[in-house]
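# Close look at the chain arrangement
Chain by chain, the residues run as shown.
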Amino acid sequence: AIRMSLYLHDEFDKLSPHKQPTRRPPKPMVEVLFEPEQLLHEVEPVILQCSATEKPSVEKLDSVWTIWVRRMKAPTCQRLLRSFERFFTCIAEHPYPEEKHDVPVYHEILCQKVHKFIEGMVVKFLKQYPWSSEGKSPQVIDNLWECIERYTFLRIYTTTKVINSDEDSAFWTHLASLQSTIQPKSLDISMPISASLIDSCGDDLVQLNFDKTPRSKLICISNCAIRIFKALEEHTGKVATVDEFLPILIYIVIKTNPPKLLSNVEFISYYRHEQLMKTSWGFLFTNLTVAISYIKRLSSSNFTEENEKEDDKREHLPNFKDQSNTYFAEKSGTGKEDFLEEKEKEVKEVKEVKEVKEVK
């Protein structure tokens, strides 16, 4: 019976016109190549080191980034790389809006997606070896976050780049009109500002156009601020304060007139996560935002000729106390006093002296 059944089975296969299809082998997973060599050419700006008395102090990320890149080449990280590639493909499908009024909404939606993706990737990395063996300390999470953010923006910068050609051009023209009239004493700056300080700070602000990550752009702003703080401390021989720093920053921004400054500032405000802005870098960025807001309200008529009295110059300067306090309270959360508070008292005293002279 067994022999007969086998014989009939073979004969049936020969005579049957419809043979059962053979099962195909499973399709092999396409390996996602991690080629950071091209991205490694995007080197971060050199972070200026601060003394113990100076404000910002942040660890350089290059060594952490090198370790992260080496780990990402391991075969066990293929799942993480596929998550990156899927997100990059999704982001590339978002066309840049043609209408100008749609640009803010476009970046708001995009930054929410980017922040949500980075937050999710941090959780995935903490479950993946070898990152899972390092624990979940704040330092480990911060370094991992910075590496993921850096790799992400190096890949999607062309999509997330903020382009405000009209506003940048108008602001650049506005700064050019102020350069010939602004003087250090117009902003109550007692320290002599050297040409080397202006040039070095100008190089830092121009470097904003060549960096592609929010962290790298913040480093440029931090380096500019550190140069100003060091110059102040060398001049006064004591720890510099924000009251002394902010007028010099305003003067340097006007004198250097960096291109596309507004677009770079908007890019940082959109795509740098708010949790990472609660540092000294975030406070320095807030100072730059206040300086830009103050400069926008200036005009060449605010500054008179050199032979006019200093009292008249002070009366022409606009007051941005409420505006700067709002920025400090909302952005940095520190509630810093505005640096013109003492200057307003001096203006009141000058007015009182004038009234007394008129009465006499």
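Residues numbered from 1 in each chain as written. Predicted model: local features only at pLDDT ≥ 70, side-chain atom pairs only at ≥ 80, totals over all residues. Heavy atoms only, no water.

## Focus on the overall build of the protein
Each helix and strand in the protein was counted, giving 15 helices and zero strands. Among the 360 residues that make up the protein, the fraction classed as buried is 44%. When contacts within the protein are restricted to residue pairs at least 6 apart in sequence, those whose partners lie at least 24 apart make up 77%. (Helix = DSSP H or I, 4+ residues; strand = E, 2+ residues; numbered from the N terminus. Buried < 20%, exposed > 50% of the residue type's maximum accessible area, 1.4 Å probe, protein only. Contact = heavy atoms within 4.5 Å.)

## Details of unusual backbone geometry
Glycine aside, a negative phi is what most residues show, and trans is what most peptide bonds show. Of the consecutive residues Tyr 129 and Pro 130, the connecting peptide bond is found in the cis state with omega at 10 degrees. Examined against the element boundaries, Pro 130 turns out to sit in the loop between helix H5 (103-127) and helix H6 (138-160). One non-glycine residue, Asp 188, lies in the positive phi region at around 60 degrees. Looking at Asp 188, the relative accessible area reads 25%, which means it is partly exposed.

## What about the side chain of Thr 160?
For Thr 160, the position within the fold is in helix H6. For Thr 160, a relative accessible area of 0% gives the class buried. Ignoring sequence-local partners within four residues, the contact set of Thr 160 consists of His 107, Leu 110, Phe 153, Phe 267 and Tyr 271.

## A short note on the pattern of salt bridges
Applying the stated criterion across every chain yields a total of seven salt bridges. For the salt bridge of Arg 272 with Glu 146, the shortest nitrogen-to-oxygen distance reads 2.9 Å. Of the two residues, Arg 272 sits in the loop between helix H11 (261-271) and helix H12 (280-296) while Glu 146 sits in helix H6, which places them 126 residues apart along the sequence. We note that Arg 272, like Glu 146, is buried. For Arg 272, the salt bridge goes to Glu 149, with nearest N and O atoms at 2.7 Å. Of this pair, Arg 272 sits in the loop between H11 and H12 while Glu 149 sits in helix H6, and the two are 123 residues apart along the sequence. (Salt bridge = Lys/Arg side-chain N within 4 Å of Asp/Glu carboxyl O.)

## With respect to the packing of helix H9 (residues 214-236) against H11
Look at H9 against H11: their axes get within 10 Å of each other, and the N-to-C directions meet at 125 degrees. With respect to H11, the element H9 is oriented oblique. Judged by the sense of rotation from one axis to the other, the crossing of H9 with H11 is left-handed. Here Pro 214, Lys 217, Leu 218 and Ile 221 of H9 lie close against H11, whose contacting residues are Asn 264, Phe 267, Ile 268 and Tyr 271. Within the contact of H9 with H11, the residues separate by chemical class into six nonpolar, one polar and one charged. (Axes fitted to C-alpha atoms, helices over the stretch in contact; angles between N-to-C directions. Parallel < 35°, antiparallel > 145°, perpendicular 65-115°, else oblique. Left-handed = near helix turned anticlockwise from the far one by under 90°. Nonpolar A, V, L, I, M, F, W, Y, C, P; charged D, E, K, R; others polar.)

## Here we look at the confidence of the model for the protein
When pLDDT is averaged across the protein, the result is 78; 69% of the residues are at 70 or more. For the protein, helix H14 (residues 321-332) is the element with the lowest average pLDDT, namely 45, and H11 is the one with the highest, namely 95. Note that residues 51-59 has pLDDT below 50 and, in this model, 23 contacts with residues that lie over four places away or in other chains. Predicted confidence is poor over residues 311-340, with pLDDT under 50, and the contacts of this stretch with residues over four places away or in other chains come to 67 contacts. (pLDDT = per-residue confidence, 0-100.)

## Digging into H11
Extensive coverage of H11 is indicated by the burial of nine of its 11 residues. Among all positions of H11, only Leu 261, Leu 262, Ser 263, Asn 264, Val 265, Phe 267, Ile 268, Tyr 270 and Tyr 271 are buried. Contacts made by the buried residues of H11 are with H5, H6, helix H7 (165-179), H9, helix H10 (242-256) and H12.

## Looking at a nonpolar patch on the surface
Taken together, the side chains of Met 4, Tyr 7 and Leu 8 define a hydrophobic patch exposed on the protein surface, amounting to about 340 Å² of accessible area. Take Tyr 7: it is sitting in helix H1 (residues 2-15). (Patch = residues over 30% accessible without salt bridge, like charges linked within 9 Å, V, L, I, M, F, W, Y side chains within 5 Å. Areas by Shrake-Rupley, 256 points an atom, 1.4 Å probe, with all protein chains shown as cover.)

## Details of the packing of aromatic side chains
Enumeration according to the criterion identifies 19 aromatic pairs in this entry. Residues Tyr 96 and Tyr 106 carry aromatic rings whose centres are separated by 5.2 Å and whose planes lie at 70 degrees to one another, so their mutual orientation is edge-to-face. Here Tyr 96, found in the loop between helix H4 (78-92) and H5, pairs with Tyr 106, found in helix H5; they are 10 residues apart in sequence, far enough to count as distant. The class of Tyr 96 is partly exposed, set by a relative accessible area of 30%. Among the aromatic residues, those joined into a cluster by ring pairs are Trp 65, Trp 68, Phe 84, Phe 87, Phe 88, Phe 117, Phe 125, Trp 131 and Tyr 151. Above the ring of Trp 65, the side-chain terminus of Arg 150 is found at 4.6 Å from the ring centroid. (Phe/Tyr/Trp six-rings, centres within 6.5 Å; stacked < 30°, edge-to-face > 60°. Lys NZ or Arg CZ within 6 Å of the ring centre and 35° of its normal.)

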